[in-house]
Amino acid sequence: MFGDDERYGGALKSTIVKASDKWTKKHQKNLLTKLEEKSMSSDDQRVERNKAFDLLDALSRSGDVPLSHSELHVIIASTHCFDKSVVNTVVQDNVN
């Protein structure tokens, strides 16, 4: 994605974003109960993810009903690597 022939000499590097292994689930059984908090193991996370996909599959009738008002969020990350400090790169090399 970012090569050495880029505008700034390959200063941009791809970045891998990973979610933490520890997740906390906050939920209410109904609107009148208090908010409950639960730590989730990797097995619990897998079960909850499968429940979410099953719900999505049921709501869309296995893809037969279009979800026209839904959103997909994508995260793209990159890291800017400097040979010098940020100030020296900007001032000495005139790189913005």
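Here is what the cut-offs are and how they apply
- Note that residues are indexed from 1 along each chain, following the sequence as it is written.
- At least 70 in pLDDT is required for a residue's local features to be given in this predicted model, at least 80 for side-chain atom pairs to be given and counted, and no such filter applies to totals for whole chains, interfaces and linings, which use all residues.
- Neither water nor hydrogens contribute to the side-chain values; these are computed over all heavy atoms in the structure.
- To qualify as a helix, a DSSP run of H or I must reach at least 4 residues; to qualify as a strand, a run of E must reach at least 2; elements of each kind are numbered from the N terminus.
- Whether two residues are in contact is decided by their heavy atoms: any pair within 4.5 Å suffices.
- Areas reported as accessible are Shrake-Rupley estimates using a 1.4 Å probe. Residue values count occlusion only from the protein chains shown.
- Exposure above 30% relative accessible area and the lack of any salt bridge qualify a residue for a patch; like charges then connect within 9 Å, and the nonpolar side chains Val, Leu, Ile, Met, Phe, Trp and Tyr within 5 Å.
- Each salt bridge in this description consists of a side-chain nitrogen of Lys or Arg and a carboxyl oxygen of Asp or Glu lying within 4 Å of one another.
- Expected helix span is computed as 1.5 Å times (number of residues minus one).
- Using a 1.4 Å probe on the protein chains alone, a residue whose accessible area is under 20% of its type maximum counts as buried, one over 50% counts as exposed, and one in between counts as partly exposed.

Colleague: Go over the overall build of the protein with me, naming the residues and quoting the values.
Modeller: Along the protein, the regular secondary structure elements total two helices and four strands. Each helix and strand of the protein, placed in order from N terminus to C terminus, yields the pattern β-β-β-α-β-α. A separation threshold of at least 6 residues defines the contact pool for the protein, and within that pool the share at least 24 residues apart is 34%. Carbon and sulfur atoms provide 53% of the accessible area of the protein, an area that totals close to 9,000 Å².

Colleague: Residues and numbers for a nonpolar patch on the surface, please.
Modeller: A contiguous nonpolar surface patch, about 440 Å² in accessible area, is contributed by Phe82, Val86, Val87, Val90 and Val91. Tracing the sequence through the fold places Val86 in helix α2 (residues 86-92).

Colleague: Quick rundown of helix α1 (residues 42-59)? Include the residues and the values.
Modeller: Helix length check: α1 (18 residues) gives 26 Å between terminal C-alpha atoms against 26 Å at 1.5 Å per residue, within 8%. Positive backbone phi, at 50°, marks Arg61, one or two positions downstream of α1.

Colleague: So what's going on with the pattern of salt bridges? Residues and values would help.
Modeller: Tallied over the full model, the rule gives three salt bridges. Between Asp43 and Arg46 there is a salt bridge, with the nearest N and O atoms lying 3.1 Å from each other. Linking Asp43 with Arg46, this pair stays in helix α1, spanning three residues, or about one helical turn. Judged by relative accessible area, which is 45%, Asp43 ranks as partly exposed. Residues joined in a network through salt bridges with shared partners are Lys25, Glu48 and Lys51.

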